[in-house]
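Per-entry structural report
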Amino acid sequence: MADWNTRLEVRLGDRTITPITNFAPSFNVPHAVIHSLEADGVGYVRQPFTFTFTMTIPAIAGAVADLTELAVTGGEFAVAVAEKTGGDWVFSALKFGRCVVTATQPSTVTVDGVPQANFTCMALNVGVED
């Protein structure tokens with residue numbers, strides 16, 4: 001029985017991004033239904049998938065500067081979401097390769113609290129490590 005005390009960590013290349021306050025992956029695998037003169041819904045065509053994710057990182061972390069530079073230059077990078085400790089998850093690492101930043105949005109600087117930087121990214125290669 002899992003006790004859910006495992007922490008996930010996000011790695012940018014070979015170093016851990018810390019702290020990260022939010023990591024939200026999403027993917028889309030669209031299908032187009034094929035119709036015929038004889039019948040509706042005779043089949044489907046699978047279209048290319050798209051895999052995107054957003055990361056929210058406190059603007060005091062050094063990874064924010066690295067990701068901002070990659071966004072400006074259009075550089076590719078790799079991200080992995082991995083178990084730090086424990087064995088509660090079905091995967092030991094979820095790897096995103098050939099990632100690019102598609103949008104970035106820094107938060108407003110306030111007197112209290114740390115400003116956050118939001119990065120919207122897309123991955124061309126996705127893999128799971130058991």
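Definitions and limits used
- Residues numbered from 1 in each chain as written.
- Predicted model: local features only at pLDDT ≥ 70, side-chain atom pairs only at ≥ 80, totals over all residues.
- Heavy atoms only, no water.
- Helix = DSSP H or I, 4+ residues; strand = E, 2+ residues; numbered from the N terminus.
- Contact = heavy atoms within 4.5 Å.
- Core = buried A, V, L, I, M, F, W, Y, C linked by side-chain atoms within 4.5 Å.
- Buried < 20%, exposed > 50% of the residue type's maximum accessible area, 1.4 Å probe, protein only.
- Disulfide = S-S within 2.5 Å.
- Phe/Tyr/Trp six-rings, centres within 6.5 Å; stacked < 30°, edge-to-face > 60°.
- pLDDT = per-residue confidence, 0-100.
- Salt bridge = Lys/Arg side-chain N within 4 Å of Asp/Glu carboxyl O.

**Let's talk about the environment of Gly43**
Mapped onto the elements, Gly43 comes out in strand 5 (residues 43-46). Residues Gly43 and Ala32, spaced 11 residues apart in sequence, show a C-alpha to C-alpha distance of 8.6 Å. Not counting residues within four places of it along the chain, the set of residues in contact with Gly43 comprises Ala32, Val33 and Ile34.

**Focus: the nonpolar core**
Grouped together as the largest cluster of nonpolar side chains are 24 residues, with contacts concentrated most on Phe53, Met55, Phe77 and Phe96. Where this core is concerned, the elements lending two or more residues are strand 1 (8-12), strand 6 (50-58), helix 1 (62-73), strand 7 (77-83), strand 8 (93-106) and strand 9 (116-129). Among residues more than four places away in sequence, those in contact with Phe53 are Phe23, Ala24, Pro25, Phe77, Val79, Phe96, Cys99, Phe119, Thr120, Cys121, Met122 and Ala123.

**Description of the state of the cysteines**
Taken as a whole, this structure holds zero disulfides when the rule is applied. Cys99 forms no disulfide, and the closest cysteine sulfur to it belongs to Cys121, at a distance of 6.7 Å.

**Points about the packing of aromatic side chains**
The tally for this structure, following the rule as stated, stands at five aromatic pairs. An angle of 35° between the planes, with centres 5.1 Å apart, marks the rings of Phe51 and Phe96 as tilted. Here Phe96 lies in strand 8 and Phe51 lies in strand 6, a separation of 45 residues in the sequence. With respect to class, Phe51 is no different from Phe96; both count as buried. Feature note: the residues Phe23, Phe27, Phe51, Phe53 and Phe96 constitute an aromatic cluster, connected by ring pairs.

**Quick notes on the confidence of the model for the chain**
Taken over all residues, the pLDDT of the chain has a mean of 84, while the share at 70 or more is 90%. The element-level mean pLDDT for the chain is lowest in strand 1, coming to 74, with strand 5 highest at 93.

**Let's talk about the pattern of salt bridges**
Taken as a whole and judged by the stated rule, the model has one salt bridge. Here Arg98 and Glu76 are joined by a salt bridge, their closest N and O atoms 3.1 Å apart. Here the residue Arg98 occupies a position in strand 8, and Glu76 occupies one in the loop between helix 1 and strand 7, the gap between them amounting to 22 residues. Assessed through its relative accessible area of 42%, Arg98 is described here as partly exposed.

**Considering the environment of Pro115**
Looking at the secondary structure, you find Pro115 in the loop between strand 8 and strand 9. By relative accessible area, Pro115 is classed as partly exposed at 21%. In the structure, Pro115 is positioned 57 residues away from Pro58 in sequence and 6.0 Å away in space, judged by C-alpha atoms. Setting aside chain neighbours within four positions, we find Pro115 in contact with Ile57, Pro58, Ala59, Ser107, Thr108 and Val109.

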